[in-house]
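# Examining the three-dimensional arrangement
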Amino acid sequence: HDDQPSTSKDNLQDSNIQNNTSITRLMQSAFNKIQDELQSSIPKPSSSTDPATPEGIESSSANQQESDAAKSFADNVSSFFSRKSSNPDIAEIIQQAQNIANNDGASQTLSSSSSSGFLSQVLYFQQNAKSIQKTLESSFGPYISDDINLSDLFQSIPSIAAAHYYLEHQESIKTPSWKRRRHRFQPSVEVMKVNELNEALILSELSYADSVEEVREGLESLYAEDWSDEESGGKSKKKDKRKTNSSNKAQWELLFCDTQSRPNEPSHFLAIQKNASQYDDTLHVLMVVRGTKSMGDLITDAMMEATDYEYDGVQGKAHVGITRSGEYLTKRHKKLLATLLQLSDKRKLDVTLIGHSLGAGAATIAAMNMMNSDQFARDIGNGGDKNVKVSANVIGFGCPALLSQNLSLVTKNFVTTVIADADVIPRMSGATLVNLLLDLNQFEYQDLAERDVEQALRELQGRFSDSSLTMVGNRQSNKQVPFSIDEDAIQKVMGYVHRSIDKVSGGEGDMSKPSGKNVAADKMIPCLFPPGTCIHFYRDGSGIDGAYVPCTFFDEIDVARTMVDDHLISSGYRKIFLNMMRDFHKDDHFSFERRRT
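What you are looking at is a predicted structure, and each value in this text was computed from that prediction instead of being measured.

## Let's talk about the overall build of the protein
When its secondary structure is counted, the protein shows 23 helices and 14 strands. Residue burial in the protein is summarised as follows: out of 597 residues, 45% are buried. Within the protein, contacts between residues separated by at least 24 positions form 75% of all contacts whose residues are at least 6 apart in sequence. Accessible surface, the protein: about 31,400 Å² in total, of which carbon and sulfur atoms supply 50%.

Structure below.
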């Protein structure tokens, strides 16, 4: 906006001054009405909750500043969206929009400290401990038979040894050949699709930033040109972004950012596309939701109870904790979106939602709420205008088991869920957790444990033999050892080991613990699955491959050594994307950053 308009543009602007003035007055009037509604819903901050507010400022002064801000915002929006050949101050428009977003009473990101956020979460947990416990019980309750006590089920798991050997057993089954066979008839993912997904992954990782400034700088760096060394005079010159940035990719300006999360109120940020065409009648908005990072997020995750949910006339089930988070996101920004649509005179709203883990689930529910009926369109429309068209698209990474199968199918057109190999979160629900406990309880690992003990004894027998020879320089010499292990000793030890393992594992030798055979072995049927179009990237033995798979593909927990690492962005999704592209380009030094520039 620093460039001066041409003479022809000045003449055209002068010819439309009267029209611009009338538009400004009309939009000022509409804006004042909406601003009054916003102000009536804003709780009055106190000095204890908003230390950033100086003491002694009178309300009349604050109201005058808000009025001035509203008028400035209306003037700028009028100029920006009137499609005249003027040169509006876009930066100031965004600044005023940011003020509206952050004055809506729900965010204290610029004034709250991490300690106060933590204390508020602890207080919430203390005040709602009973309801949280009840929710956890109801999450597992439907999946437990009447004759199974949940505490007995946990206690009946023999030891960590059972999990160790169960993991070994699963890895012996789920080999790369087994994975290739499961994906044999599933459509393959185009390799170049990874470029698009990686751009979304960068945004999802940005939501984990600790400050608003980090988020803003991250958005700016996504499309900024790097320094280029020019050999003119031996000096490096920075490229002019206004001339070199000819990409058609959307460029986002931060509008709102909340870096703290509370139970069922996830951290997220909102941005507006700043390089959209002036002739585009669509308002483009980006919403990125953070995954699990705090105590509040953990409480939301733990609420795995399936609640009734309806979308587009289809009745189904949804994760109760994440459903509340998605509904919060929709309600939180409804008035802001309505204000921007009305002032910009846009007829369409297009929202791109991105998230990782919990954030992916909350983004999905938010998108479903936006598109579920005409009510949301009427709420954000111009005076209830039904002609406002709302569209939403979601890209989620490692989304938890969120929707019943029928609801997952009806979201395939606008939700994409990416799952990295053995990522445990998309497979984890009340039913799959209980099924895993049952499998561990019934798994017979005694033979494997005795195998390892006998192997260790045989190794000791070979090393500590009274007839063993050692090398001293170039000579062989007999080395006396303090003891020897013969075959009888091994068999005696193995007999003791057998009885001990049988007792610890809840076998016939120990009646104090419930036996796995006394626990009902009927597997539970999962009712929650990842949403939308599911893309599964997996290790096929020689590299990384990807396929489009049904949501029911993830109906059990895949026990593997990478089940946690695969869920993380750095060790899971980013590494898988990078390895896949390096194999495709046959370039071990490939990087998305170098490719982008």
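The discussion continues.
## Things to note about the nonpolar core
Ranked by internal contacts, the top residues of the largest apolar core, which has 44 residues, are Leu349, Leu353, Ile380 and Val390. Of all the elements, helix 16 (residues 358–371) adds the most residues to this core, at nine residues. Of all hydrophobic cores here, the second largest spans 37 residues; its members include Val189, Val212, Trp252 and Leu286.

## Looking at the environment of Val285
When you line up the elements, Val285 lands in strand 5 (residues 282–289). Taking the C-alpha atoms as reference points, Val285 and Ala392, 107 residues apart in sequence, are found 9.5 Å from one another. The contacts of Val285, once residues within four sequence positions are left out, are Trp252, Leu270, Ala271, Leu337, Leu349, Asp350, Val351 and Thr352.

## Description of the pairing of strand 3 (residues 252–258)
In terms of residue burial, strand 3 counts as a mostly covered element, since seven of its seven residues are buried. Both strand 3 and strand 4 (residues 268–273) contribute to a ladder of six bridges, which runs antiparallel. Counterpart to Phe256 in the pairing with strand 4 is Leu270.

## Brief notes about the packing of aromatic side chains
Applying the stated criterion across every chain, the model contains eight aromatic pairs. When the ring of Phe397 is compared with that of Phe577, the centres are 6.3 Å apart and the planes differ by 65°; the resulting orientation is edge-to-face. Taken together, the residues span a long stretch of sequence, with Phe397 in strand 9 (residues 389–397) and Phe577 in helix 22 (residues 569–585) at a distance of 180 residues. Exposure remark for Phe577: the relative accessible area of 0% places this residue in the buried category. In textbook terms, an aromatic cluster arises when at least three aromatic residues are bridged by ring pairs, as seen for Phe397, Phe537, Tyr573 and Phe577. Sitting over the ring of Phe553, Arg182 keeps its end group 3.9 Å from the ring centre.

## A short note on the packing of helix 14 (residues 320–332) against helix 16
The axes of two packed helices give the description: the angle between them and the distance between them. Direction vectors running N to C along helix 14 and helix 16 enclose 55°, while the axes themselves pass 7 Å from each other. Overall, the two elements helix 14 and helix 16 adopt an arrangement that is oblique. Of the two elements, helix 14 crosses helix 16, and the hand of that crossing is right-handed. Contacts from Ile322, Thr323, Ser325, Gly326, Glu327, Leu329 and Thr330 of helix 14 reach helix 16 at Leu358, Gly361, Ala362, Ala363, Ile365, Ala366, Asn369 and Met370.

## Some details on the side chain of Ser408
The residue Ser408 is located in helix 18 (residues 405–410) in this model. One polar contact links the side chain of Ser408 to the main-chain carbonyl oxygen of Pro530, over a distance of 2.9 Å. A distance of 3.3 Å separates a polar side-chain atom of Ser408 from the backbone nitrogen of Gly532. Here Ser408 is in contact with Leu403, Pro530, Pro531, Gly532 and Cys551, once residues within four sequence places are set aside.

## Considerations on the environment of Pro266
Turning to its location among the elements, Pro266 is positioned in the loop between strand 3 and strand 4. Taking the C-alpha atoms as reference points, Pro266 and Gly291, separated by 25 residues in sequence, lie 7.7 Å from one another. Those residues in contact with Pro266 that lie beyond four places of it in its chain are Ser261, Val289, Arg290, Ser325, Tyr328, Leu329 and Ala362.

## Topic: unusual backbone geometry
With phi around 50°, Asp312 is a residue other than glycine that occupies positive phi space. Counting through the fold element by element, Asp312 comes out in the loop between strand 6 (306–311) and strand 7 (314–319). The exposure class assigned to Asp312 is exposed, which follows from its relative accessible area of 58%. At Asp421, a residue that is not glycine, the phi angle is positive and equals roughly 35°. Residue placement: Asp421 occurs in the loop between strand 10 (415–420) and helix 19 (430–442).

## Re the state of the cysteines
Structurally, a disulfide amounts to a covalent bond that connects the sulfur atoms of two cysteines. Within this structure, the stated rule accounts for zero disulfides. No disulfide involves Cys399; its sulfur sits 8.6 Å from that of Cys534, the nearest cysteine. In this structure Cys534 is a free cysteine whose sulfur lies 5.9 Å from that of Cys551, the closest cysteine sulfur available.

## As for the sheet that holds strand 13 (residues 533–539)
On the basis of which strands lie adjacent, the open sheet formed by eight strands has the order 3-4-5-8-9-10-13-14 and mixed pairing. Two strands in the sheet have a free side with no partner beyond their single neighbour: strand 3 and strand 14 (544–549). The average angle at which neighbouring strand axes cross in this sheet is 15°, direction not considered. The strands that helix 22 touches are strand 8 (348–356), strand 9, strand 10, strand 13 and strand 14; relative to strand 14, the one it contacts most, it runs at about 105°.

## A word on the pattern of salt bridges
For the structure on display, the rule yields 19 salt bridges. Asp308 serves as the salt-bridge partner of Lys317, at 2.5 Å between the closest nitrogen and oxygen. Between Arg539 and Asp566 there is a salt bridge, with its nearest N and O atoms 2.9 Å apart. Here Arg539 is found in strand 13, whereas its partner Asp566 is found in the loop between strand 14 and helix 22, with 27 residues between them in sequence. Each of Lys179, Asp421, Arg539 and Asp566 takes part in one network of salt bridges that share partners.

Parameters and conventions
Residues numbered from 1 in each chain as written. Predicted model: local features only at pLDDT ≥ 70, side-chain atom pairs only at ≥ 80, totals over all residues. Heavy atoms only, no water. Helix = DSSP H or I, 4+ residues; strand = E, 2+ residues; numbered from the N terminus. Buried < 20%, exposed > 50% of the residue type's maximum accessible area, 1.4 Å probe, protein only. Contact = heavy atoms within 4.5 Å. Areas by Shrake-Rupley, 256 points an atom, 1.4 Å probe, with all protein chains shown as cover. Core = buried A, V, L, I, M, F, W, Y, C linked by side-chain atoms within 4.5 Å. Pairing = 2+ DSSP bridges. Phe/Tyr/Trp six-rings, centres within 6.5 Å; stacked < 30°, edge-to-face > 60°. Lys NZ or Arg CZ within 6 Å of the ring centre and 35° of its normal. Axes fitted to C-alpha atoms, helices over the stretch in contact; angles between N-to-C directions. Parallel < 35°, antiparallel > 145°, perpendicular 65-115°, else oblique. Left-handed = near helix turned anticlockwise from the far one by under 90°. Polar contact = N/O pair within 3.5 Å; in protein donor to acceptor, adjacent residues only side chain to side chain. Disulfide = S-S within 2.5 Å. Salt bridge = Lys/Arg side-chain N within 4 Å of Asp/Glu carboxyl O.

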